[in-house]
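Inside the fold
Each chain, written out:
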Amino acid sequence: RRARCCHHARGGSTARPRRRAMAFEVFDDVAFYWFLFSVMVMVIVPMSYSFLSTLQLRPPADWTRQLDSCKEKNERIERERRKDLMSKLFGWRGVGFICSWTLLIALAMRLTVMQNEEMYTFNPYRILAIEEGAEPGEIKKAYRKMSLKFHPDKNQDDDPEKNSCLCPAKEAADLFIKIAKAYETLTDDATRDNYEKYGNPDGYHGTSVTIGLPSWLTDKDNELAILVAYFVALIVIIPTVVGLWWRNSSKFLEDGVMQNTAYRFYRQISEHTAAKFMPGILSSAVEFSEAVPCRNNQADDLSKLHNRVREQFVKNQGDVNNDIMKVKTLLYAFLLREPVPPSLQT
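I will try to describe carefully the structure that is included in this document. (Residues numbered from 1 in each chain as written. Predicted model: local features only at pLDDT ≥ 70, side-chain atom pairs only at ≥ 80, totals over all residues. Heavy atoms only, no water.)

With respect to the overall build of the chain
- Helices and strands together make up the secondary structure of the chain, namely 14 helices and 0 strands.
- Starting at the N terminus and ending at the C terminus, the chain contains elements arranged as α-α-α-α-α-α-α-α-α-α-α-α-α-α.
- Within the chain, the proportion of its 346 residues that are buried is 29%.
- Residue pairs in contact within the chain that sit at least 24 positions apart in sequence constitute 63% of those at least 6 positions apart.
- Carbon and sulfur atoms form 58% of the exposed surface of the chain, whose accessible area is close to 24,900 Å². (Helix = DSSP H or I, 4+ residues; strand = E, 2+ residues; numbered from the N terminus. Buried < 20%, exposed > 50% of the residue type's maximum accessible area, 1.4 Å probe, protein only. Contact = heavy atoms within 4.5 Å. Areas by Shrake-Rupley, 256 points an atom, 1.4 Å probe, with all protein chains shown as cover.)

Below, the structure is given as structure tokens:
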């Protein structure tokens, strides 16, 4: 193709070579960014609503806030509320919320910069910077001028200041191909007629629907990186995420209760179960056992608290389980208004 373009630039022979159907790949960066922006909005907005709905930015209305006797309790509740809010903001959902909106704003700023750029459509007159319906002599003159300016031999440096076109070498090479394509379109009667009738130098191809893709996606320099990214995404990330999701979701029933908890309750609760057994039954919930682990530095305080409340215990099936006994001790201490040591409050 380069040899043919240079041949035209020198004037060449009057013998015109046989034309072939000209395939011309164009990757539309502008359309890709708009497509990506739309997809991100559809994903980020509902996820943000879900996340923000879990945040308690204002303290709930409580008439006891006006009572001096409840001042200490309300201050403690407010500290706990703020601590919970900060843990949510800096948790994985909060970090994801901040990062996703940062990316969305950056992409919106990118689109603002590109607002004057049009989604690519092949227009040979615009490429050659001539008026539509220009004469052959004017077309040839414009082609010679622009082909010399954007010729790859004169634009081999990545520094735009060192090239004749004041643009990087890759951009100059892409423009040179478009200039050659535009010249071929306007100097061949058949292709020019196809372009004027159908807007395509190759003629009518029917209606097609395409998605804009960035040009770097098919850049030969990025082939290895893209293949590695595809491999990691398809073979590692997606199976890992799906596996973790299934492993976690398979533990729960549709109403959010863990299956093991439902099984324990099923075995212990019947229509004849007395209310006095309920604290011990509730203590057997697996959610409590996982959320309240027993640490070595808590053993002494837990043993002392257990000794203070064990006389009030009602025997249950799960009393032989250490995790259940810890939860049961804390629950009875709360119901009996026994002070809980600080080490057991975290």
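This is not the end of the story, as more comes after the structure.
Structural notes on the packing of helix α13 (residues 299-309) against helix α14 (residues 322-335)
- Running from N to C, α13 and α14 cross one another at 60°; their axes reach a closest spacing of 9 Å. In terms of axis orientation, α13 runs oblique to α14. Both α13 and α14 take part in a crossing whose hand is left-handed. Where α13 approaches α14, its residues L302, L305, H306 and V309 are matched on the opposing element by M325, K326, T329, L330, Y332 and A333.
- The class makeup of the residues in the contact of α13 with α14 is 7 nonpolar, 2 polar and 1 charged. (Axes fitted to C-alpha atoms, helices over the stretch in contact; angles between N-to-C directions. Parallel < 35°, antiparallel > 145°, perpendicular 65-115°, else oblique. Left-handed = near helix turned anticlockwise from the far one by under 90°. Nonpolar A, V, L, I, M, F, W, Y, C, P; charged D, E, K, R; others polar.)

Here we look at the nonpolar core
- Counting 20 residues, the largest nonpolar core has L128, I130, I139, F150, I179 and L186 as its most contacted members.
- Elements with a contribution of two residues or more to this core: α5 (124-127), α6 (136-149) and α7 (169-187).
- The greatest single-element share of this core, amounting to 6 residues, is contributed by α7.
- Dropping the residues within four chain positions of it, I179 is found in contact with I127, L128, Y143, M146, S147 and F150.
- Ranked by size, the runner-up nonpolar core spans 10 residues in total, among them L302, L305, Y332 and A333. (Core = buried A, V, L, I, M, F, W, Y, C linked by side-chain atoms within 4.5 Å.)

Some details on the packing of α7 against helix α8 (residues 189-198)
- Remark: α7 packs on α8, axes separated minimally by 5 Å, with the N-to-C direction vectors making an angle of 95°. With respect to their mutual orientation, α7 and α8 come out roughly perpendicular. Of the residues in α8, those in contact with E184, T185, L186 and T187 of α7 are D189, T191, R192 and Y195.
- Counted by class, the contact of α7 with α8 contains 2 nonpolar, 3 polar and 3 charged residues.

A closer look at unusual backbone geometry
- In this structure, A129 is a non-glycine residue whose phi angle is positive, near 60°.
- Taking the relative accessible area as the measure of exposure, A129 reaches 64% and is therefore exposed.
- Positive phi, normally seen in glycine, also occurs at R337, with a value near 60°.
- Looking at the element boundaries, R337 is found in the segment after α14.
- Given the relative accessible area of 66%, R337 is considered exposed.

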